[in-house]
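Below are the chains, spelled out letter by letter.
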Amino acid sequence: MNILYKSIFGEKPVMEERRSILTNSCSFVDVKPIMIEWPYPPIQVNERNQDYANLLSIDYCGSVSELSAITQYINNENRLSCEKCTIAKTILGIAMAEMIHLQKLGEMIFLLGGNVDYTARTRNGRSQMWTPKYLTIPANPQEMLIADIESEEDAIQQYKMHMEMIRDNAVNAVLARIIKDEEYHIIMLQTLMNELEECSNNRAFD
């Protein structure tokens, strides 16, 4: 076969052999969800309630939501992993925790009698399917972390507001536990911010 190929086409090109392979040296095999070490309450509701399901749908996939947080974190991690591996791994760990939050919200929405379809529903009957327009995608690492901290703060404020509107202690117990993780995420993100500033200051004095 090789003799026939050579007689017709000549020697095979060696371009593929010379081509260098690009890889990402940042390993994520040891990354785990970044959460506080407190157990979650059972996922249960006292009774079906469409209004409560609608409120949770906003936390699930509204502009300020777990789905928005996950997507924003993964985007940041993708763009940082080749140059700032430590930050990227922390961000991925936070994203994994937000995925767990999303799953628990989805369970409660279903138990409350709602639909889990990436559509946020309000009390006045309006609905909005999730869109990437909700995301903030800055250009540099410091701006990414600032945007992530602001998103966590907005999420905490929204969860607290919804807890005041929901009269189901089982649902509110889960939301209160989620808030604990979000508060911990802010601490982690602020730590990364401080590390970035220290690196920047050290380079300035080199």
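The structure reproduced in this document is the subject of the present report. (Residues numbered from 1 in each chain as written. Predicted model: local features only at pLDDT ≥ 70, side-chain atom pairs only at ≥ 80, totals over all residues. Heavy atoms only, no water.)

**Examining the overall build of the protein chain**
Test applied: Strands are runs of DSSP state E lasting at least 2 residues, helices are runs of H or I lasting at least 4, and numbering of each runs from the N terminus. Relative accessibility thresholds used throughout: buried, under 20% of the residue-type maximum; exposed, over 50%; partly exposed, between the two (1.4 Å probe, protein chains only). Note on contacts: a residue pair qualifies if any of its non-hydrogen atoms lie within 4.5 Å across the two residues. Each accessible area value is a Shrake-Rupley result obtained with a 1.4 Å probe; residue values ignore everything except the protein chains displayed when judging cover.
Of regular secondary structure, the protein chain possesses seven helices and two strands. Reading the secondary structure of the protein chain in the N-to-C direction produces α-α-α-α-α-β-β-α-α. Put simply, the protein chain has 206 residues, and 41% of those count as buried. For the protein chain, contacts bridging at least 24 residues in sequence account for 80% of all contacts bridging at least 6. Just so you have it, the protein chain exposes about 12,600 Å², and 53% of that area is on carbon and sulfur atoms.

**Some points on empty space enclosed by the protein**
Convention followed: A cavity here means a set of points on a 1 Å grid, drawn over the protein atoms and nothing else, where a 1.4 Å probe fits but cannot get out; a pocket is an open set with protein on both sides within 12 Å along at least five of seven lines, and a residue lines either one if it has an atom within 4 Å of a point. Grid points are joined across faces, edges and corners, and a volume is the space filled by probe spheres set on the points. For this scheme, ten residues count as nonpolar: Ala, Val, Leu, Ile, Met, Phe, Trp, Tyr, Cys and Pro. Four count as charged, namely Asp, Glu, Lys and Arg, and the remainder, Gly too, count as polar.
Scanning the model with the defined rule gives one cavity of 30 Å³ or more in all. Size it by volume and the largest cavity reaches roughly 40 Å³. The wall of the largest cavity is formed by Asp-59, Val-64, Ser-65, Glu-66, Ala-155, Gln-158 and Tyr-159. Class assignment for the residues of the lining of the largest cavity results in three nonpolar, two polar and two charged.

**Observations regarding the pattern of salt bridges**
As a reminder, the rule being used: A pairing counts as a salt bridge when a side-chain nitrogen of Lys or Arg comes within 4 Å of a carboxyl oxygen of Asp or Glu.
For the structure shown, the criterion picks out three salt bridges. For Asp-117, the salt bridge identified is with Arg-121, shortest N-O distance 2.7 Å. Its relative accessible area of 28% is what places Asp-117 among the partly exposed residues. Here Arg-177 ties to Asp-181 by a salt bridge, and the two come within 2.8 Å at their closest N and O atoms. Of this pair, Arg-177 and Asp-181 both sit in helix H7 (residues 169-205), four residues apart, roughly one helical turn. For the residue pair Arg-177 and Asp-181, the accessibility class agrees, reading buried in each case.

**Some points on the nonpolar core**
We count it as follows: We define the nonpolar core as a collection of buried residues of types Ala, Val, Leu, Ile, Met, Phe, Trp, Tyr and Cys that are connected through side-chain atoms lying within 4.5 Å of one another.
If you look at the biggest cluster of nonpolar residues, it comprises 44 residues, and the most contacted ones within it are Leu-56, Leu-105, Val-171 and Leu-175. Where this core is concerned, the elements lending two or more residues are helix H3 (50-61), helix H4 (66-80), helix H5 (85-111), helix H6 (141-165) and H7. If sequence neighbours within four positions are ignored, Val-171 has contacts with Gln-44, Val-45, Leu-56, Met-108, Leu-112 and Ile-166.

**Re the environment of Met-188**
Summarising the element assignment, Met-188 is placed in helix H7. The spatial distance from the C-alpha of Met-188 to the C-alpha of Ile-91 is 9.1 Å, given a sequence separation of 97 residues. Here Met-188 is in contact with Ile-34, Thr-90 and Ile-94, once residues within four sequence places are set aside.

**Structural notes on H3**
Note the following rule: An expected span of 1.5 Å times one less than the residue number is assigned to each helix. We call two N or O atoms a polar contact when they sit within 3.5 Å, provided that within protein one can donate a hydrogen and the other can accept it, with sequence-adjacent residues counted only if both atoms are side-chain atoms.
In a regular helix each residue adds 1.5 Å, so twelve residues correspond to 16 Å; H3 covers 16 Å between its end C-alpha atoms and thus fits that length. The buried fraction of H3 amounts to ten of the twelve residues, a majority that puts the element mostly inside the structure. Within the sequence span of H3, burial applies to Tyr-52, Ala-53, Asn-54, Leu-55, Leu-56, Ser-57, Ile-58, Asp-59, Tyr-60 and Cys-61. The N-cap residue of H3 is Asn-49: its side-chain oxygen and the backbone nitrogen of Asp-51 are 3.0 Å apart.

**With respect to unusual backbone geometry**
Phi is positive for Tyr-118, which is not a glycine, with a value near 60°. By secondary structure assignment, the location of Tyr-118 is in the loop between H5 and strand S1 (119-121). For Tyr-118, a relative accessible area of 42% translates into the label partly exposed.

**Observations regarding the packing of aromatic side chains**
Convention followed: Put simply, two rings from Phe, Tyr or Trp (the six-membered ring, in Trp's case) pair if the centres are within 6.5 Å, and we call them stacked under 30 degrees between planes, edge-to-face over 60, tilted for the rest. Two thresholds decide whether a charge sits over a ring: the Lys NZ or Arg CZ must be within 6 Å of the ring centre and within 35 degrees of the ring normal.
Applying the stated rule across the entire model yields two aromatic pairs. Between Tyr-60 and Tyr-118, the aromatic rings sit 5.9 Å apart at their centres with planes inclined by 35°, giving tilted as the arrangement. Taken as a pair, Tyr-60 in helix H3 and Tyr-118 in the loop between H5 and S1 lie far apart in primary sequence, 58 residues in all. Ring geometry for Trp-130 against Tyr-134: centres 6.4 Å apart, planes inclined by 75°, an arrangement best described as edge-to-face. A cation over an aromatic ring shows up here: Lys-104 above the ring of Tyr-40, its NZ or CZ 4.7 Å from the ring centre.

**Some points on a nonpolar patch on the surface**
Applicable threshold: Candidate patch residues must exceed 30% relative accessible area and have no salt bridge, after which like charges are joined if within 9 Å and Val, Leu, Ile, Met, Phe, Trp or Tyr side chains if within 5 Å.
On the surface, a nonpolar cluster with roughly 280 Å² of combined accessible area is contributed by Phe-110, Leu-111 and Val-116. Mapping Val-116 onto the fold places it in the loop between H5 and S1. The exposure class assigned to Val-116 is partly exposed, which follows from its relative accessible area of 40%.

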